[in-house]
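Single-letter residue listing:
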Amino acid sequence: DRVSTQATKAALHALAALCPYGRTRVKIVGAGAVPAIVDLLLDDPERRVNEIALVALDRLCTCAEGRAELVVHAAGLAVVGKKVLRVSEAASERAVRVLRSVARHAATPAVLQEMAQSGVVAKLCAALWSEQCGVRTKERAHEVLKLHSRTWRNSPCLSPKILELYPS
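Examining the overall build of the chain
Each helix and strand counted, the chain has 12 helices and zero strands in total. Element order for the chain, N to C, with α for helix and β for strand: α-α-α-α-α-α-α-α-α-α-α-α. The buried share of the chain, taken over its 168 residues, is 47%. Long-range contacts, defined here as pairs at least 24 residues apart, represent 68% of the contacts in the chain between residues at least 6 apart. With an accessible surface of roughly 8500 Å², the chain has 52% of that area assigned to carbon and sulfur atoms.

What about the packing of helix α3 (residues 33-42) against helix α6 (residues 76-83)?
Interaxial distance between α3 and α6 falls to 10 Å at its minimum, and their mutual angle equals 50°. As summarised for this structure, α3 and α6 are arranged oblique, according to the angle between their axes. Relative to α6, the crossing made by α3 is left-handed. Contacts between α3 and α6 pair Val38, Leu41 and Leu42 from the former with Gly76, Val79 and Lys83 from the latter.

Observations regarding the nonpolar core
Residues Ile37, Leu57, Leu70 and Met115 are the most contacted members of the largest nonpolar core, which totals 51 residues. Of all the elements, helix α4 (residues 47-60) adds the most residues to this core, at eight residues. In this structure, Ile37 is in contact with Leu12, Leu15, Ala53, Ala56, Leu57 and Leu60, ignoring residues within four places of it in sequence.

Re the pattern of salt bridges
Scanning the entire structure with this criterion turns up nine salt bridges. Between Lys9 and Glu46 there is a salt bridge, and its shortest N-O distance comes to 2.9 Å. A residue pair is termed long-range when its members are at least 10 positions apart, and Lys9 in helix α1 (residues 5-18) and Glu46 in the loop between α3 and α4 qualify at 37 residues. Under the relative-accessibility criterion, Lys9 is labelled partly exposed at 25%.

Brief notes about helix α9 (residues 120-129)
Within the sequence span of α9, burial applies to Val120, Val121, Leu124, Cys125, Ala127 and Leu128. Along α9, the residues classed as buried sweep out an arc of 155° about the axis, all on the same side.

So, the environment of His142
Looking at the secondary structure, you find His142 in helix α10 (residues 135-147). Placed 15 residues apart in sequence, His142 and Ala127 show a C-alpha to C-alpha distance of 8.9 Å.

With respect to unusual backbone geometry
Not every positive phi belongs to a glycine, and Leu85 is a case in point at roughly 65°. Among the secondary structure elements, Leu85 is positioned in the loop between α6 and α7 (89-105). In this structure Leu85 comes out as partly exposed when scored by relative accessible area, which is 22%.

Section: the environment of Arg59
Residue position: Arg59 is located in helix α4. Residues contacting Arg59, with those up to four places away along its chain left out, are Ala16, Ala17, Cys19, Pro20 and Arg25. Within the structure, Arg59 has its side chain in polar contact with the backbone oxygen of Ala16 (distance 2.6 Å).

The rules behind these values
Starting from 1, residues in each chain are numbered consecutively following that chain's sequence as written. Where totals are concerned, whole chains, interfaces and linings use all residues; where local detail is concerned, this predicted model gives features only for residues with pLDDT of at least 70, and gives and counts side-chain atom pairs only at 80 or more. Neither water nor hydrogens contribute to the side-chain values; these are computed over all heavy atoms in the structure. For the purposes of this entry, the term helix denotes a DSSP run of H or I that reaches at least four residues, the term strand denotes a run of E that reaches at least two, and both are numbered from the N terminus. Each residue is assigned to one of three classes by its accessible area relative to the maximum for its type, calculated with a 1.4 Å probe on protein chains only: buried under 20%, partly exposed between the two thresholds, exposed over 50%. Any two residues whose heavy atoms approach within 4.5 Å at even a single point are treated as in contact. Computed by Shrake-Rupley with a 1.4 Å probe, the accessible areas treat only the displayed protein chains as cover when residues are assessed. Geometry is summarised by axes, namely lines fitted to C-alpha atoms with helices restricted to the contacting stretch, and by angles between N-to-C directions that run from 0 to 180 degrees. Oblique is the label for any angle not under 35 degrees, not over 145, and not in the 65 to 115 range, which are roughly parallel, roughly antiparallel and roughly perpendicular in turn. Take the far helix as your reference; a near helix turned counterclockwise from it by less than a right angle gives a left-handed crossing, and one turned clockwise gives a right-handed crossing. Think of a nonpolar core as a cluster: buried Ala, Val, Leu, Ile, Met, Phe, Trp, Tyr and Cys residues, connected wherever their side-chain atoms sit within 4.5 Å. Here, a salt bridge means any side-chain nitrogen of Lys or Arg that lies within 4 Å of a carboxyl oxygen of Asp or Glu. The directions considered for the arc are those from the helix axis to the C-beta atoms. Nitrogen and oxygen atoms within 3.5 Å of one another constitute a polar contact, given that in protein one can donate a hydrogen and the other can accept it, and given that sequence-neighbouring residues count only through two side-chain atoms.

Okay, structure coming up:
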């Protein structure tokens, strides 16, 4: 309910702590946690709340139900992509992990098109060249781009220079 930032942080910490357990994770997703986290991220909270929310979202997206809820939310992929390179290195890392999970396990043609249109692909490209991202984050971004390079080849956000790195 966003009573206070401190209450929000405490709730997100509890949520993230419960997420590693399979059955619990599915129940948390079923209770509507993914749309609530996406809505929270849309409000552009402070840095630490962003980071904790992305940790929880990352853990929830390790199950199919969590990824499905993220993809179904109208702003799900866009808000996660928006957090790459905008909040902190930790937030970028978690956001790229979420996007990688979706790209690996829930990549329908519609999802891939939405990723290109909402700027997610451009953010992944930017993460490759950024000094703000760690090596692991760059590797994950590279993996996603390489995985779907054929689909995104004609995307206007991809420059020919980047496409040369990912031949068909």
